[in-house]
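# Tertiary structure, described
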Amino acid sequence: MKPTNVQDPEYFHKVIDCQYACPAHTPVPEYIRLIANKKYTEAYMVNWESNVFPGILGRTCDRPCEPACRRGRIEKEEEPVAICRLKRVAADNKGEVKSLMPNAPLNKNGKKVALIGGGPASLTVARDLAPEGYEIHLFDEWHKGGGMMRTQIPSFRLPERVLDEEVNYVTDMGIHTHYNHFVESMKEILDEDYDAVFVGTGAPNGRDLKLPGREEADANVHIGINFLASVAFEHRDKIGRKVIILGGGNTAMDCCRTSRRLGGKEVTVVVRSPFKDMKASPWEIDDAKAEDIPIFNNMPPKSFVVENGKLKGMWFGHVRAEYDKNGKRSLIPTDDPDTFIEADDVIIAIGQDNAFPWIERDLGIEFGKWDLPILNKTTFQSTLPNVFFGGDAAFGPENIITAAAHGHQAAISIHHFCQGVDVNTRLDPTTNLVKQKMGIHEWMYDSPVVEDDRFAVPHEDKVITLSDRKVEVELGFDEITGFREAQRCLNCDVQTVFSLDQCIECDACVDVCPTSCITFTSNGAEEDLRERLSAPANNLDQDLYVSDTLPTKRVMIKDEDVCLHCGLCAERCPTAAWDMQKYLYGVTKVSKIL
Amino acid sequence: MSFIKPIFRHPTQTKNKAGFYKSDYEGRISTLCAGCGHDSINASIVAACYEMNIEPHKVVKLSGIGCSSKAPAYYLNNSHGFNTVHGRMPSVATGANMANRELTYLGVSGDGDSASIGIGQFIHVNRRNLNMVYIMMNNGCYGLTKGQDSATADIGSLSKSGSRNEFSPIDMVSMALESGATFIARSFSGDKKQLVPLIKAAMSHPGFAFIDVISPCVTFNNNKGSTKAYDFIREHIEVTSEFDFVPIREEISVEYEEGTQKSVTLHDGSQIQLSKLYSDWDPSDRNSAMEKLQQSKANGDILTGLLYIDPGSQDLHSTLNTSTLPLNQLTEEDLCPGSATLEKINTEYR
Ligand SMILES: Cc1cc2nc3c(=O)[nH]c(=O)nc-3n(C[C@H](O)[C@H](O)[C@H](O)COP(=O)(O)OP(=O)(O)OC[C@H]3O[C@@H](n4cnc5c(N)ncnc54)[C@H](O)[C@@H]3O)c2cc1C
Ligand SMILES: Cc1ncc(C[n+]2csc(CCOP(=O)(O)OP(=O)(O)O)c2C)c(N)n1
Ligand code: SF4
Ligand code: SF4
Ligand code: SF4
Ligand SMILES: [Mg+2]
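Model, not experiment: these values are computed from the prediction. (Residues numbered from 1 in each chain as written. Chains lettered and ligands numbered in written order. Predicted model: local features only at pLDDT ≥ 70, side-chain atom pairs only at ≥ 80, totals over all residues. Heavy atoms only, no water.)

Turning next to the overall build of chain A. Across its full length, chain A carries 21 helices and 25 strands. In terms of overall size, chain A behaves like a compact globule, its C-alpha atoms giving a radius of gyration of 26 Å where 594 residues would be expected to give roughly 25 Å. Expressed along its principal axes, the backbone C-alpha trace of chain A runs to roughly 90 × 65 × 45 Å. Counting over 594 residues, chain A shows a buried share of 58%. A sequence separation of at least 24 residues applies to 71% of the contacts in chain A between residues at least 6 apart. As presented, chain A carries roughly 24700 Å² of accessible surface, and 50% of it is formed by carbon and sulfur atoms. Taking the average place of the 68 positive charges on the side chains of chain A and the average place of its 92 negative ones, the gap between the two points comes to 2 Å. (Helix = DSSP H or I, 4+ residues; strand = E, 2+ residues; numbered from the N terminus. Rg over C-alpha atoms; globule rule 2.2 N^0.38 Å. Buried < 20%, exposed > 50% of the residue type's maximum accessible area, 1.4 Å probe, protein only. Contact = heavy atoms within 4.5 Å. Areas by Shrake-Rupley, 256 points an atom, 1.4 Å probe, with all protein chains shown as cover. Lys, Arg positive; Asp, Glu negative; His and termini not counted. Charge placed at Lys NZ, Arg CZ, Asp CG, Glu CD.)

See the structure below:
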């Protein structure tokens, strides 16, 4: 193998599994250490710079970082660090932050930008552009900003005060908000004097299910996202005693839990496919089950039964799943007799679609498959150069953190577009590699690997939460538990950096490494090397760090996979050929936030 | 603070046939100097015991005094241990071994501990062919007391402060050949590929198995001009043979070139497979080994690998016809067989 180029900013970035997996590349271990040091305000700001909504995300993030977390790999029973809920610890305990945020300059730069939709994607664009002096106009059909974070995510998961606070941090930066304003025509917007337009309107259409009896039952059949929005805006505060929720995603989980709070006593979730194919996050499923909501699987709905004009329930068939060689699933009906489930109300939560009825099709904005706009995947620019898309409106429904990541990149494109710079130009990441050695056995980070298991977030009493939909279920970690959970982080950003010139090949690092990461051996092809290291390197997602040829004609090879970042290799190296250096990687934004 | 060894090991680590993970053979985290050759030997001992499927509680680790003799703290946490006074490990090992022949005796010592204060004990344990492994961690100096030249330091070797050693070295391998050891090898701490199978073979050998392991002292004797420095050893090292140890009941997988092949079957049926690099050397002939050793010394080479083995070795227990049962398992009946037996014995002397 060729020697690893650690100058490539992505090499060490990739070692920081959580940060690499985070769509916005939030410097996770950096903020976790700040939390452990009770520097909550600083931890909050590190987050706010990256993802704009730390308090919201600390409660609701889809957390792609956690399955990626190294801690979950180092032993079979180990669970990842509670990265997401630690974010909340920073938000809950922070001090004054407003003064640390940039202000919009009084002198504008003369450019005007329209943002359609007030969800996290648009708000992120606004946050990034405002400090540069853009005049920003944000349109949303509702009376407050936040998009689906407000209309969809129930208050028992995300209290309104947290949402308001973080939406306001952005809109207070001199954003012209046009609430209660549904944009009916893109043409009208384009006819005004905006230099650029950003579309962050989300994926607003909930799918319906055409089954026998659907029409007759209409009064008691609800589309999931419409149902949640009507609850959020207090248009609805009741539901029948018996409720069926169709669907296995997070929307279904929010619908069933909301139903329990509106009077639903026998709330049942029915999924047409197997449990293991359910789209909902495991923790959302657990929370639903904890609220006495049974989930049935492999039961496709067949028909609605209406008697005397009133919904009585639904019939379901039974299937089993079979997978072909390519893993493609087919649902095969079984011999089991159909099942009837009684219901006063049915909520259909089987997915969302994009819809742009308000964008005229003769403006030069081209649409492709699924009626999604045709975009440049890096710049988010549409086929009409001054129009950009982001969030769920860009490539279909995702989540808040993805919307924020899109927003940052779209903001860069808009900035370049308005300043006459090539839109394809991307900003290099900021990187910083700092030695951590303080003395013998002393590092600037807590290098010992603690043995604690993952801590569970405490919940409010169920009797209380089920009686009031606005009472938050999760109480968040207290400071002490937050500290202990933070200490579980392995500090994967503290890199093991190898200097060939200093190595005397004494093997001390090989001998001390608890997880057998390091090998000195003759070079070879990657597949061959992966087999003959101190321990087999079977995780192909993780790189091998390979040195140039040493005096004994061998090379040093380190498998990054289960390195604990314990620093013992550097500790035991007599010549400091191994050094622990903290790598801070940042996605560069339009304006400097921190 | 990073001087705490995490409990986590590589997730693919597996149990050996005795039901132990490799980590079950580890000791506490080393407090030897970073880069000390002794640590590599410790790691080799851990690897050898794991690969030999030895139950950790069936091992006795012994040592004298020195950095090398501190080493047992860093391996085999679950074994018996005895840290004796300076140079006196062989006599304690002899006593323990005589009391219980069922355990594996693994002694480590330094060149100071063995070749200076302990030289008398060393010679006698050789000539008694006590069934034990004796590893001498050889760094040419007294590491623990800040690097004074030891009796194995070569003439002309420079110390860290620049002073030249003027005294003739004791070659402990020749000494062992002379004094009756039945398994003799030399190795280098930086060559685990050779050292681990050597330790495994030594543990299978019924008799006194001596391994002189050159093990640089990074702190006091790794300077330019020292003949025990990493660089110097790497430049002058020569091997006697390609070497593999095949435990009993395992397939022999190595194939060496015709004519160079030599295999030695040990007492328990395990085998040593050698591919000799010298045609004029026979590892089962004491004189031939002696000659080869002198030759390479004259050439300025450091000869490593297995040097001599006596396949017909008879250990001290056989010679003395001692109790096969460990003393702690003898019952009152065995120990006080009664007046009739006493009478019988007494008549033998009449
Ligand atoms: C039930 C449910 C629960 C969810 N839970 C989570 C969760 O826990 N965690 C998570 O990360 N994600 C969750 N999501 C997904 C997340 O809400 C979205 O991915 C995210 O909000 C998308 O952000 P966005 O900025 O693209 O658009 P949105 O948040 O959808 O905002 C778009 C806004 O634009 C408005 N709008 C649309 N068209 C127009 C127009 N023509 N004129 C004016 N305004 C318009 C919409 O009303 C909306 O307010 C959930 C989604 C649903 C449906
Ligand atoms: C009876 C006695 N004499 C002298 C000493 C001082 N002393 C301690 S260690 C040592 C030499 C150790 O050298 P070596 O065995 O080569 O071990 P190393 O530290 O080099 O591994 C000496 C002389 C002692 N501890 N006890
Ligand atoms: S252990 Fe810490 S730094 Fe490593 S992946 Fe997990 S959260 Fe990130
Ligand atoms: S930091 Fe060094 S010693 Fe610790 S696990 Fe990683 S490679 Fe091994
Ligand atoms: S002084 Fe020398 S022998 Fe002793 S621990 Fe340090 S390097 Fe090893
Ligand atoms: Mg010594």
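Right, let's get into the interface of chain A and chain B. If you look at the interface, chain A gives 36 residues, while chain B gives 26 residues. Summed over both partners, the interface of chain A with chain B comes to about 2600 Å²; 58% of that surface belongs to carbon and sulfur atoms. When the buried area of chain A at its contact with chain B is split by residue, His441(A), Asp511(A) and Arg572(A) rank highest and sum to 23% of it. In this assembly, chain A and chain B are joined by 12 residue pairs in polar contact (both at pLDDT 80 or more). Elements with a minimum of two residues in the side of chain A that touches chain B: β20 (442-443), α19 (508-512) and α21 (568-572) of chain A. Along the lines of polarity and charge, the residues of the side of chain A that touches chain B split into 18 nonpolar, 6 polar and 12 charged. (Buried area = accessible area lost by both parts, 1.4 Å probe. Polar contact = N/O pair within 3.5 Å; in protein donor to acceptor, adjacent residues only side chain to side chain. Nonpolar A, V, L, I, M, F, W, Y, C, P; charged D, E, K, R; others polar.)

Moving on: the coordination of the magnesium ion (ligand 6). All names here are of chain B. Donor atoms from the polypeptide that coordinate the magnesium ion (ligand 6) comprise Asp111 (OD), Asn139 (OD1) and Cys141 (O), at 2.0 to 2.2 Å from the metal. Within one chain, the residues donating to the magnesium ion (ligand 6) are spaced in sequence as D-x27-N-x1-C. With aspartate 111 in helix α4 (residues 111-115) and cysteine 141 in strand β5 (residues 141-142), this residue pair connects regions lying 30 residues apart in the sequence. The same class applies to aspartate 111 and to cysteine 141, which are both buried. (Donors = N, O, S within 2.8 Å, 3.2 Å for Na, K, Ca; no water.)

Glancing now at the sheet that holds strand β25 (residues 578-586) of chain A. Residue and element names in this part refer to chain A. Strand order across the open sheet formed by 3 strands is β18-β25-β21, with antiparallel pairing between neighbours. Strands at the two margins of the open sheet, each flanked by one partner only, are β18 (430-435) and β21 (494-498). Sheet twist, expressed as the average angle between the axes of neighbouring strands with direction ignored, equals 40°. Where β18 meets β25, 6 bridges bridge the pair, whose relative direction is antiparallel. The partner of leucine 433 across the bridge, within β25, is tyrosine 583. (Pairing = 2+ DSSP bridges. Axes fitted to C-alpha atoms, helices over the stretch in contact; angles between N-to-C directions.)

This paragraph deals with helix α14 (residues 282-290) of chain A. All names here are of chain A. Taken together, the buried positions of α14 are occupied by Glu284, Ile285, Asp287 and Ala288. On an axial view of α14, the arc spanned by its buried residues comes to 160°, and they lie on one face. Contacts made by the buried residues of α14 are with α13 (250-261) and β9 (295-296). At the C-terminal side of α14, aspartate 292 shows a positive phi close to 60°. (Arc of directions from axis to C-beta.)

Residue and element names in this part refer to chain A. Where burial is concerned, most of β25 is hidden: 8 out of the 9 residues are buried. As defined by bridge partners, β21 adjoins β25 across 5 bridges and the pair is classed as antiparallel. Each bridged residue has a counterpart across the sheet, and for valine 497 the counterpart in β25 is aspartate 579.

Once that is clear, we can look at the packing of helix α4 (residues 40-51) of chain A against helix α7 (residues 83-93) of chain A. Residue and element names in this part refer to chain A. Put simply, α4 and α7 touch, their axes get as near as 8 Å, and they point 115° apart. In this structure, the crossing between α4 and α7 has a hand that is left-handed. Here α4 contributes Tyr40, Ala43, Tyr44, Asn47 and Asn51 to the contact with α7, which in turn contributes Lys87, Val89, Ala90, Ala91 and Asn93. Among the residues making up the contact of α4 with α7, the classes are represented as 6 nonpolar, 3 polar and 1 charged. (Left-handed = near helix turned anticlockwise from the far one by under 90°.)

What follows covers the sheet that holds strand β10 (residues 301-307) of chain A. All names here are of chain A. On the basis of which strands lie adjacent, the open sheet formed by 3 strands has the order β10-β11-β14 and antiparallel pairing. The open sheet terminates on both sides in strands that have one partner only, identified here as β10 and β14 (339-342). This sheet shows a mean twist of 25° between the axes of neighbouring strands, independent of strand direction. Strand direction decides the pairing type here: strand β11 (residues 310-316) and β14, joined by 4 bridges, are antiparallel. Each bridged residue has a counterpart across the sheet, and for methionine 314 the counterpart in β14 is isoleucine 341.

Residues and elements named next belong to chain A. Counted according to the given criterion, the structure contains 22 aromatic pairs over all chains. Summarising the aromatic geometry, the rings of phenylalanine 356 and phenylalanine 389 are spaced 5.7 Å apart at their centres and angled 85° between planes, so their arrangement reads as edge-to-face. In this pair, phenylalanine 356 sits in the loop between β16 (352-353) and β17 (387-389) while phenylalanine 389 sits in strand β17, placing the two residues 33 residues apart along the sequence. The exposure class assigned to phenylalanine 389 is buried, which follows from its relative accessible area of 0%. Ring plane angle 90° and centroid distance 6.4 Å describe the contact between tyrosine 545 and tryptophan 578, whose orientation is recorded as edge-to-face. Of the two residues, tyrosine 545 sits in strand β23 (residues 544-546) while tryptophan 578 sits in strand β25, which places them 33 residues apart along the sequence. Here tyrosine 545 falls in the buried class, since its relative accessible area comes to 4%. Through pairs of rings, three or more aromatic residues link up here, namely Tyr11, Phe12, Phe498, Phe520, Tyr545, Trp578, Tyr583 and Tyr585. Across the ring face of tryptophan 48, the terminal group of arginine 127 is positioned such that the distance to the ring centre comes to 4.6 Å. (Phe/Tyr/Trp six-rings, centres within 6.5 Å; stacked < 30°, edge-to-face > 60°. Lys NZ or Arg CZ within 6 Å of the ring centre and 35° of its normal.)

Residue and element names in this part refer to chain B. At a minimum axis distance of 8 Å, the contact between helix α3 (residues 89-99) and helix α5 (residues 119-128) shows a crossing angle of 35°. Contacts from Met89, Pro90, Ser91 and Thr94 of α3 reach α5 at Gln121, Phe122 and Val125. Classifying every residue of the contact of α3 with α5 by side-chain character gives 4 nonpolar, 3 polar and no charged.

Of all residues adjacent to ligand 4, which total 14 residues, the nearest are Cys513(A), Cys563(A), Leu564(A), Cys566(A) and Cys569(A). Here the shell around ligand 4 is built from residues that sort into 9 nonpolar, 4 polar and 1 charged. (Near = heavy atom within 4 Å.)

Bringing the domain arrangement of chain A into the picture now. The assigned domain composition of chain A is domain 1 (9-98 + 429-486), domain 2 (102-204 + 354-418), domain 3 (206-352) and domain 4 (494-584). Computed from C-alpha atoms alone, the centre-to-centre distance between domain 2 of chain A and domain 4 of chain A is 46 Å. (Domains from an automatic or database assignment.)

Residue and element names in this part refer to chain B. Among the 17 residues in the neighbourhood of ligand 2, the closest are listed as Ser68, Asp111, Gly112, Asp113 and Gly143. Glycine 143 is positioned such that a nitrogen or oxygen atom in its backbone is 2.8 Å from an oxygen atom of ligand 2. At 2.9 Å from an oxygen atom of ligand 2 is found a main-chain nitrogen or oxygen belonging to leucine 144. Summarising the interface, the protein chains cover 72% of the accessible area of ligand 2, which totals 590 Å² for the free molecule. At the level of elements, α2 (67-70), α4 and β5 are the ones that each hand at least two residues to the shell around ligand 2.

To continue, consider the pattern of salt bridges. Taken as a whole and judged by the stated rule, the model has 67 salt bridges over all chains. A salt bridge links Glu343(B) to Arg350(B), with the nearest nitrogen and oxygen atoms 3.5 Å apart. Judged by relative accessible area, which is 42%, Glu343(B) ranks as partly exposed. Here the salt bridges do not stand alone but share partners, grouping Asp17(A), Arg70(A), Arg73(A) and Asp561(A) into one network. (Salt bridge = Lys/Arg side-chain N within 4 Å of Asp/Glu carboxyl O.)

Before going further, it helps to spend a moment on the state of the cysteines. If you walk through the whole model with that rule in mind, you get 0 disulfides over all chains. Left without a disulfide partner, Cys509(A) is nearest to the cysteine sulfur of Cys503(A), which lies 6.5 Å away. (Disulfide = S-S within 2.5 Å.)

So, on to the nonpolar core. Among the nonpolar cores identified, the biggest contains 72 residues, and Leu129(A), Met186(A), Ile189(A), Ile359(A), Ile365(A), Phe389(A) and Ile414(A) are the most heavily contacted of them. Per element, the largest residue contribution to this core is 9 residues, and it comes from helix α16 (residues 400-419) of chain A. Looking at which domains feed residues into this core, each of domain 1 (9-98 + 429-486) and domain 2 (102-204 + 354-418) of chain A supplies at least three. Filtering out sequence-adjacent residues up to four positions away, Leu129(A) remains in contact with Val113(A), Tyr134(A), Ile136(A), Ala411(A), Ile414(A), His415(A) and Val590(A). In this structure, Ala48(B), Tyr50(B), Met172(B) and Leu177(B) belong to the second largest nonpolar core, which totals 70 residues. (Core = buried A, V, L, I, M, F, W, Y, C linked by side-chain atoms within 4.5 Å.)

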